[in-house]
Amino acid sequence: MSKTKTDDENPKSKKKSKLKTVLFGTVLIVLLGGGGAAGGFYAAGMIGGGHDGGEDPNKPKIIMKDGTAVSDKEAANAAPSTALSAFKVTYHQIEQPFTSNLSDSDSFAQISLAVSTFYDERVFENVTNHEIAIRSAVLMELSQQDPLKLETPEGKLRLKKKLRDVINETLKEKTGFGGIEDVYFTNIVIQ
């Protein structure tokens with residue numbers, strides 16, 4: 001019997017098959033390795049416009065008690081969140097008082113506010129630049145308050161927290177960054 005060679009038994013076919021496998025493997029390694037390297041450089045911010053999650057140079061910096069300005073990441077390393085005493089607190093009085101009728105009553109409230117931050121002066125510049133939007137948001141929140149609840153210390157504390165959140169939300173909407181740590185009543189009248 002005569003035997004014909006199939007492609008598998010043909011030495012030339014075996015060489016071509018091995019060559020294709022080696023070439024395919026090499027191309028695959030280059031693509032995966034190059035893609036991984038590109039992904040790593042992108043994540044590190046070396047390509048792709050600084051997508052490294054790094055600090056925006058326009059973002060306010062946290063001020064330490066010694067007056068040095070640090071990024072959020074540096075501040076987290078400098079002092080744990082329980083050691084807020086390491087940061088410098090700066091206060092800003094909002095000039096005009098807020099007066100609003102209170103929810104479902106004939107009562108009204110007039111409050112004067114100050115805000116504080118651990119960040120640099122850009123936070124207060126943002127507060128001043130967007131005071132109209134902040135005033136509107138604070139008045140909207142104040143008008144939703146129950147006068148009986150506002151007469152209690154707990155009600156005032158809840159309002160303080162809500163006002164801080166409303167001011168930060170407004171600043172984030174307008175500037176991309178809040179930065180207000182706390183809100184203080186410098187005057188409050190409920191009638």
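Quick note: structure is the one above.
These remarks concern the structure in this document. Bear in mind that the values here come from a model prediction, so they are computed numbers and not experimental data.

**Some remarks on the nonpolar core**
So, step 1. Formed by 28 residues in total, the largest nonpolar core has its most connected members in Leu113, Ile167 and Ile180.
So, step 2. Elements with a contribution of two residues or more to this core: β5 (108–117), α3 (122–129), α4 (131–143) and α6 (153–175).

**Re the pattern of salt bridges**
So, step 1. Counted according to the given criterion, the structure contains four salt bridges.
So, step 2. Linking Lys160 and Asp182 is a salt bridge whose minimum nitrogen-to-oxygen distance equals 3.6 Å. Residue Lys160 is located in helix α6, and its partner Asp182 is located in strand β6 (residues 182–190); the two are separated by 22 residues in the primary sequence.

**Brief notes about α6**
So, step 1. Here α6 contains 23 residues, and its C-alpha end-to-end distance of 32 Å stays within 8% of the 33 Å for a straight helix at 1.5 Å per residue.
So, step 2. Within the span of α6, buried status applies to Gly155, Leu159, Lys160, Leu163, Val166, Ile167, Asn168, Thr170 and Leu171.
So, step 3. Buried residues in α6 make contact with β5, α3, α4, α5 (147–150) and β6.
So, step 4. Two residues or fewer after α6 comes Gly176, characterised by a positive phi angle close to 90°.

**Things to note about the packing of aromatic side chains**
So, step 1. Evaluation of the coordinates by the stated rule reveals three aromatic pairs.
So, step 2. With centroids separated by 4.8 Å and ring planes inclined at 80°, the aromatic side chains of Tyr119 and Phe177 adopt a geometry described as edge-to-face. Residue Tyr119 is found in the loop between β5 and α3, and its partner Phe177 is found in the loop between α6 and β6; the two are separated by 58 residues along the sequence.
So, step 3. Since its relative accessible area comes to 15%, Tyr119 is described here as buried.
So, step 4. We note Arg135 situated over the ring of Phe98; from NZ or CZ to the ring centre the distance is 4.3 Å.

So, how was this worked out
Residues numbered from 1 in each chain as written. Predicted model: local features only at pLDDT ≥ 70, side-chain atom pairs only at ≥ 80, totals over all residues. Heavy atoms only, no water. Core = buried A, V, L, I, M, F, W, Y, C linked by side-chain atoms within 4.5 Å. Buried < 20%, exposed > 50% of the residue type's maximum accessible area, 1.4 Å probe, protein only. Helix = DSSP H or I, 4+ residues; strand = E, 2+ residues; numbered from the N terminus. Salt bridge = Lys/Arg side-chain N within 4 Å of Asp/Glu carboxyl O. Expected span 1.5 Å × (residues − 1). Contact = heavy atoms within 4.5 Å. Phe/Tyr/Trp six-rings, centres within 6.5 Å; stacked < 30°, edge-to-face > 60°. Lys NZ or Arg CZ within 6 Å of the ring centre and 35° of its normal.

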